Amino acid sequence: MSAAHGTGTAARPTTVAVVGEALVDVVHRADGSVEELPGGSPANVALTLGRLGRAPHLVTALADDVRGRRVRAWLEDSGVEVLAAPLRRTSTAAAHLDAAGAATYEFDLDWDLDGVEVPTAPVLHVGSIAAMLEPGGTVVLDAVRRAQGLVTYDPNARPTITPDREATRARVEEIVAASDVVKVSDEDLEWLDPDTDALRTAARWSRTGPALVVVTAGGDGSFVLRDGAQVAHVPVPAVDVVDTVGAGDTYMGGLIDGLLALGLDSAERIASAPADRLEAACAHAARAAAVTVSRPGADPPRRDELGLPS
C-alpha cells in the first residue's frame, strides 16, 4: 500500500495546537554560502500540517522585527494561525551543513510564553527546545498535563541548549509518559541514554504511557513500537539528499496527518489499530520527509506533491 493512498481520502481540517519555538535558521553550507531561512522544529511541524490541510495553530514567541515578520508570513502563507508572545528579537539557529547535507546547530534563543494562551484543540503537539527551556518549558508541560485530546511529542534533543543530560532526560521522560504518540530520532535516544540501545530505550518508553513510539533512523528507515515491542519497520524512499533541515519535523507533521487521515485520533484507537495501519501512517510521514530532504531548507510538501486529493 503506498503512503499516498494508504491514508485514504482528502484530509478534513483538524485543528492541531502546536507549541514551540519559531526562529530563523542561518544556514552555513559546505560551499561557504550562507542563507537565512525560517524554521524551528515545532514551527516546521506546524508548517507541514498547514500544507497538508490540518488548520494548525502555532503558539510561539516572536519579535516584531524583520526576521519575526518573515517567519510569521512564512507560516501564515501555509495556513498556520500564529499566536505569539512578544520577544525583543527573533531567535536564531546557526545550522552548519556538512558535505552530505547533515546539520549541526548553535542557538541564540529566548523562550517565554508570557501573555499567550495555549488553545484547546483535538490534537496538541509539543517538542524540541520549547519543552525544556524555562520559563516557557513549564507552560509546555502544563499544557500536556491539561490536554483533553491526542498529545504528540518529539523530544528533538539539543545538547547545546540543555547540556545537563540527567535533567533533560528526566523532563523528556516526564513528557513521554504523558503523551500518546512519541516520535524520536535514534540520535536523540543515543544522547539521552548513551548506555542503552536506542530501540531498547524506545521500547521502555512505549510501556510508560504512549500508545505509539516511532524511532527514525535516517537511511535505515523508521521503527514502529507499541506495548514494548516493535510492530513494523518502514524504509525510506530513495531520494537525492540536498540537506536534512526540517526532515524530522516534516516526518512528525506527516505522522500526525497520517494518523488522523486513518481515523486514529485517540490513544485508544492507536492502541487497538492493526499494525499495517500504523505502518501506513509512518510510510506517509516518510514520503513527506523524503520531499523535504530533496530540496533546500525546511520546505515540506503540499498534498498534491504526495499525490493526495486537495
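Residues numbered from 1 in each chain as written. Predicted model: local features only at pLDDT ≥ 70, side-chain atom pairs only at ≥ 80, totals over all residues. Heavy atoms only, no water.

J.: A description of the packing of helix α8 (residues 247–261) against helix α10 (residues 275–293) should follow, citing residues and the corresponding values.
T.: Where α8 contacts α10, the axes come no closer than 7 Å and their chain directions differ by 145°. The handedness of the crossing between α8 and α10 is right-handed. Here A247, T250, Y251, G254, L255, D257, G258 and L259 of α8 come into contact with α10, specifically with L278, A281, C282, H284, A285, A286, A288, A289, T292 and V293. Each residue belonging to the contact of α8 with α10 can be placed in one class, and the counts come to 12 nonpolar, 5 polar and 1 charged. (Axes fitted to C-alpha atoms, helices over the stretch in contact; angles between N-to-C directions. Helix = DSSP H or I, 4+ residues; strand = E, 2+ residues; numbered from the N terminus. Left-handed = near helix turned anticlockwise from the far one by under 90°. Contact = heavy atoms within 4.5 Å. Nonpolar A, V, L, I, M, F, W, Y, C, P; charged D, E, K, R; others polar.)

J.: Can you tell me about the sheet that holds strand β6 (residues 92–97), naming the residues and giving the values?
T.: Strand order in this open sheet of 4 strands is β3-β2-β6-β7, and the pairing throughout is mixed. Each having just a single partner strand, β3 (34–39) and β7 (103–108) make up the two edges of the open sheet. Recorded for the sheet is a direction-independent mean angle of 25° between the axes of neighbouring strands. Bridge count between strand β2 (residues 23–28) and β3: 6 bridges; the pairing is antiparallel. (Pairing = 2+ DSSP bridges.)

J.: How would you summarise unusual backbone geometry if you had to cite specific residues and measurements?
T.: Going from E134 to P135, the amide bond is cis rather than trans, its omega being 10°. Along the chain, the position of P135 falls in the loop between β8 (123–127) and α4 (136–146). Despite not being glycine, D227 has its phi angle at roughly 55°, a positive value. As for its placement among the helices and strands, D227 is situated in the loop between β12 (222–226) and β13 (229–234).

J.: Tell me what's going on with the pairing of strand β5 (residues 81–87), and back it up with residues and numbers.
T.: With 7 bridges joining them, strand β4 (residues 57–63) and β5 adopt parallel strand pairing. Across the sheet, the residue bridging to L62 is P86, located in β5. Note that the unit made of β4, helix α3 (residues 66–76) and β5 has a crossover that is right-handed. (Right-handed = clockwise from strand over helix to strand, strands pointing away.)

J.: Give me helix α7 (residues 198–205): which residues, what numbers.
T.: A198, T201, A202, A203 and W205 are the residues of α7 that are buried. In this structure D197 caps α7, since a side-chain oxygen of it lies 3.0 Å from the backbone nitrogen of L199. (Buried < 20%, exposed > 50% of the residue type's maximum accessible area, 1.4 Å probe, protein only. Polar contact = N/O pair within 3.5 Å; in protein donor to acceptor, adjacent residues only side chain to side chain.)

J.: Explain the nonpolar core to me, and be specific about the residues and the numbers.
T.: In terms of nonpolar packing, the biggest core is built from 54 residues, with V19, W111, L124, V126, Y153, I175 and W205 touching the most fellow members. Residue contacts for V19: discarding those within four places in its chain leaves P42, V59, W111, L113, V118, L124, H125, V126, G127, A130 and V140. If you look at the next biggest cluster of nonpolar residues, it comprises 45 residues, including V18, V80, V82 and L150. (Core = buried A, V, L, I, M, F, W, Y, C linked by side-chain atoms within 4.5 Å.)

J.: Please set out the sheet that holds strand β1 (residues 16–19) residue by residue, giving values where relevant.
T.: Strands sit in the order β5-β4-β1-β8-β9-β10-β11-β12-β13 across an open sheet of 9 strands; the sheet is mixed. Unpaired on one side and paired on the other, β5 and β13 mark the two borders of the sheet. The average angle at which neighbouring strand axes cross in this sheet is 20°, direction not considered. As paired elements, β1 and β4 share 3 bridges and run parallel to each other. In the sheet register, A17 faces β4, and the bridge partner there is H57.

J.: Tell me about the pairing of β8, and name the residues and values.
T.: Within β8, 5 of the 5 residues are buried, which leaves it mostly tucked inside the rest of the structure. A two-sided burial pattern is seen for β8, the buried positions comprising V123, H125 and G127 on one face and L124 and V126 on the other. Bridging between β8 and strand β9 (residues 150–154) involves 5 bridges; their strand directions are parallel. From the neighbouring strand, V126 faces β9, where its bridge partner is Y153. Note that the unit made of β8, α4 and β9 has a crossover that is right-handed.

J.: Describe the side chain of N44, and please don't skip the residues or the numbers.
T.: Mapped onto the secondary structure, N44 falls in helix α2 (residues 41–51). In this structure N44 touches P38, G39, W74, G246, D249 and A298, once residues within four positions along its chain are discounted.

J.: Could you give an account of α4, with specific residues and numbers?
T.: G136, G137, V140, L141, A143 and V144 are the residues of α4 that are buried. An end-on view of α4 places all buried positions within 160° of arc, on one side of the element. With respect to the buried face of α4, the exposed residues turned more than 90 degrees away are R145 and R146. At its buried positions, α4 is contacted by β1, β8, β9 and α5 (165–177). (Arc of directions from axis to C-beta.)

J.: Give me the lowdown on the environment of A247, citing residues and values where you can.
T.: Residue position: A247 is located in helix α8. For A247, a relative accessible area of 14% translates into the label buried. Distance from A247 to L62, taken between C-alpha atoms, is 23 Å for residues 185 residues apart in sequence. Setting aside residues up to four positions removed in sequence, A247 forms contacts with A289, T292 and V293.

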